[in-house]
Amino acid sequence: MYRVIRAHRGAQWPKPPLQLSRRSLVTDVDVDKARQYCVAQLRQSDYDSFLIRNFIPESRRDAYDAFRALNLELVRLPELVSNPTIGQLRIEFWRDAVNKTFAGRPPKEPIMILLHRVLSRLADTSPESNPSSIRFWLLRMISTREKHMDNRPFPSLSALEDYAENTYSTLMYSMLAALSVQSMHMDHLASHIGKACGIAAVCRGIPVLASPSPPVKSPDGASVAASRNPVLLLPLDVMAETGLREEDVYRHGPEAEGFQDAVFKVATRANDHLITAREMLKNIRAGQHPGHEYEHRGEEQHEYPDSDLGQENIDPLLRRGFGVLLEGVPANDYLGRLEAENFNPFTVKSSWKLPWRLWRAHKTQQF
């Protein structure tokens, strides 16, 4: 027999318990595989970052791996996509993936799975952390990469600096946020070092991008066409000043008139940023003014409490975030090798001393 129960006014059918969709479930096995994937990507395609990750605090190393692997995916897009529409779709995929991951619904993609674990650990172990800041920096990097998908030359050296600020410096800001380092001085140092890294990366990429890509082969082995056209990303104002023409570089390589002069001017700006950062670090540790004001202070995610200026506050933050500042070591190492080759990036060889130089920089807390 069934019992009849009179329903009271306002009663509703019972709701089933809230369940996570299968797509949002992330297991430890998933995280381990995602971590292995990201580290393997760095080892294969960004060896400088693969070395630097060892000097990041172990509890935040997953964050570094995820951020750098995401940057790699974005850097590769211009070389991998066959037309701008596909590139735009890929950019939208990464933008949506980041937003979903910060909303707690990571897609089944290794980088986002590892990023989801990072955010979960931050919530559990660092209540003072600001995930919205990390999200802001990652989305800004994606938007900047989107604007430069076509690999067009920079109109000026200052435009190249802006690009470096919104990519390489932004990557460093995101890592400082993951370390819960909120400091104007640390951001200021990261800004100069990131600009140096971005400018050095443009010089470093010249031999690859300015050379024609290998031709696409048909099934019978015949050459069909090149997969991309060569590009030269040196600033146009510098090229005009030195009398350098893109076509001459494509035809004659480093023998093009004005080429090494143009590279010298661009590399000098990168070196200037590293010199400025070293002077700033020296002044800050001595309890003095950094030497100049931070140009981005007051912008979004660059608001700081007045207590940030005290010496007793900056010392522990420097120790905690110094691994992030080590990005300047590979840039400085490359610029030194570029100078030794008379600013011909086509003849610069890789450096076997870089692991030792990173260790020494970390040991001495100098870059």
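Residues numbered from 1 in each chain as written. Predicted model: local features only at pLDDT ≥ 70, side-chain atom pairs only at ≥ 80, totals over all residues. Heavy atoms only, no water.

1. Observations concerning the overall build of the protein chain
Phase 1: A count of helices and strands for the protein chain gives 14 helices and 2 strands.
Phase 2: Each of the 367 residues in the protein chain was classed as buried or not, and the buried ones make up 50%.
Phase 3: The long-range share in the protein chain, meaning contacts at least 24 apart out of those at least 6 apart in sequence, stands at 72%.
Phase 4: Working note: accessible area of the protein chain is about 19500 Å², and carbon and sulfur atoms make up 52% of it. (Helix = DSSP H or I, 4+ residues; strand = E, 2+ residues; numbered from the N terminus. Buried < 20%, exposed > 50% of the residue type's maximum accessible area, 1.4 Å probe, protein only. Contact = heavy atoms within 4.5 Å. Areas by Shrake-Rupley, 256 points an atom, 1.4 Å probe, with all protein chains shown as cover.)

2. As for the layout of surface pockets
Regions of empty space are outlined by a rolling probe, equal in size to a water molecule, passed over the atoms.
Phase 1: Put simply, the largest pocket is a space of about 1400 Å³.
Phase 2: What lines the largest pocket is a set of 47 residues, and nearest its centre among them are Val-75, Tyr-168, Ala-201, Arg-204 and Gly-205.
Phase 3: If you list the elements that add at least two residues to the lining of the largest pocket, you get α1 (28-45), α2 (47-52), α3 (61-80), α7 (157-178), α8 (184-209), α13 (328-340) and α14 (354-364).
Phase 4: When residues of the lining of the largest pocket are assigned to their parent elements, the largest contribution, 10 residues, is made by α8.
Phase 5: Here the lining of the largest pocket is composed, by residue class, of 25 nonpolar, 10 polar and 12 charged. (1 Å grid on protein atoms, 1.4 Å probe; cavity = no way out; pocket = protein on both sides within 12 Å on 5 of 7 lines; lining within 4 Å. Points joined across faces, edges and corners; volume = space filled by probe spheres on them. Nonpolar A, V, L, I, M, F, W, Y, C, P; charged D, E, K, R; others polar.)

3. Describing α3
Phase 1: Relative to the 28 Å expected for 20 residues at 1.5 Å per residue, α3 spans 28 Å between its end C-alpha atoms, a close match to the ideal helical length.
Phase 2: Counting buried positions along α3 yields 15 of 20 residues, so the element is predominantly enclosed. (Expected span 1.5 Å × (residues − 1).)

4. Looking at the packing of α3 against α7
Phase 1: Taken N-terminus to C-terminus, the directions of α3 and α7 make an angle of 160°; their axes are 10 Å apart at the nearest point. It follows from the interaxial angle that α3 and α7 lie roughly antiparallel. Judged by the sense of rotation from one axis to the other, the crossing of α3 with α7 is right-handed. Contact with α3, carried on its side by Ala-63, Tyr-64, Phe-67, Arg-68 and Asn-71, involves Leu-171, Met-172, Ser-174, Met-175 and Ala-178 of α7 and no other residues of that element.
Phase 2: A class-by-class count of the residues in the contact of α3 with α7 yields 7 nonpolar, 2 polar and 1 charged. (Axes fitted to C-alpha atoms, helices over the stretch in contact; angles between N-to-C directions. Parallel < 35°, antiparallel > 145°, perpendicular 65-115°, else oblique. Left-handed = near helix turned anticlockwise from the far one by under 90°.)

5. Structural notes on the packing of α1 against α3
Phase 1: Taken N-terminus to C-terminus, the directions of α1 and α3 make an angle of 60°; their axes are 9 Å apart at the nearest point. One way to sum up the angle between α1 and α3 is to call them oblique. Crossing of α1 over α3 shows left-handed handedness. The residues of α3 that touch α1, namely those facing Arg-35, Tyr-37, Cys-38, Val-39, Gln-41, Leu-42 and Ser-45, are Asp-62, Asp-65, Arg-68, Ala-69, Leu-72, Glu-73 and Arg-76.
Phase 2: Here the contact of α1 with α3 is built from residues that sort into 6 nonpolar, 2 polar and 6 charged.

6. As for the pattern of salt bridges
Phase 1: Counted according to the given criterion, the structure contains 19 salt bridges.
Phase 2: Its salt-bridge partner being Arg-121, residue Asp-62 comes within 3.7 Å of it at the nearest N-O pair. With Asp-62 in helix α3 and Arg-121 in helix α5 (residues 110-125), this pair connects stretches of sequence that are 59 residues apart.
Phase 3: Here Arg-121 falls in the partly exposed class, since its relative accessible area comes to 36%.
Phase 4: One salt bridge in this structure joins Glu-241 and Lys-265, with 3.2 Å as the shortest N-O distance. One end of the pair, Glu-241, is in helix α9 (residues 236-242); the other, Lys-265, is in helix α11 (residues 259-285), with 24 residues separating them in the sequence.
Phase 5: A residue is classified by how much of its surface remains accessible, and Lys-265, at 32% relative accessible area, is partly exposed.
Phase 6: Salt bridges sharing partners connect three or more residues here, namely Asp-32, Arg-35, Asp-62 and Arg-121. (Salt bridge = Lys/Arg side-chain N within 4 Å of Asp/Glu carboxyl O.)

7. Topic: the confidence of the model for the protein chain
Phase 1: Of the residues in the protein chain, 87% reach a pLDDT of 70 or more, and the chain-wide mean stands at 89.
Phase 2: Every residue in residues 1-23 scores below 50 in pLDDT, and together they form 5 contacts with partners more than four places removed in sequence or on other chains. (pLDDT = per-residue confidence, 0-100.)

8. Describing unusual backbone geometry
Backbone geometry follows two general trends: most residues other than glycine have a negative phi, and most peptide bonds adopt the trans configuration.
Phase 1: Phi at Asn-151 is positive, roughly 55°, even though this residue is not glycine.
Phase 2: Note on placement: Asn-151 falls in the loop between α6 (131-147) and α7.
Phase 3: A positive phi angle, near 70°, is found at Gln-301, a position not held by glycine.
Phase 4: Turning to its location among the elements, Gln-301 is positioned in the loop between α11 and α12 (311-325).
Phase 5: With relative accessibility at 22%, the residue Gln-301 sits in the partly exposed group.

9. Regarding the side chain of Arg-68
Phase 1: Examined against the element boundaries, Arg-68 turns out to sit in helix α3.
Phase 2: Contact partners of Arg-68, with chain neighbours within four places excluded, come to Leu-42, Asp-46, Ser-49, Leu-171, Met-172 and Glu-327.

10. Some details on the packing of aromatic side chains
Phase 1: A full pass over the atoms with the stated rule returns 8 aromatic pairs.
Phase 2: Each ring, one from Trp-137 and one from Tyr-173, has its centre 4.8 Å from the other, and the planes form 45°; the classification is tilted. One end of the pair, Trp-137, is in helix α6; the other, Tyr-173, is in helix α7, with 36 residues separating them in the sequence. There is no split in this pair, since Trp-137 and Tyr-173 are both buried.
Phase 3: Grouped by ring-pair contacts, the aromatic residues Phe-136, Trp-137 and Tyr-173 constitute a single cluster. (Phe/Tyr/Trp six-rings, centres within 6.5 Å; stacked < 30°, edge-to-face > 60°.)

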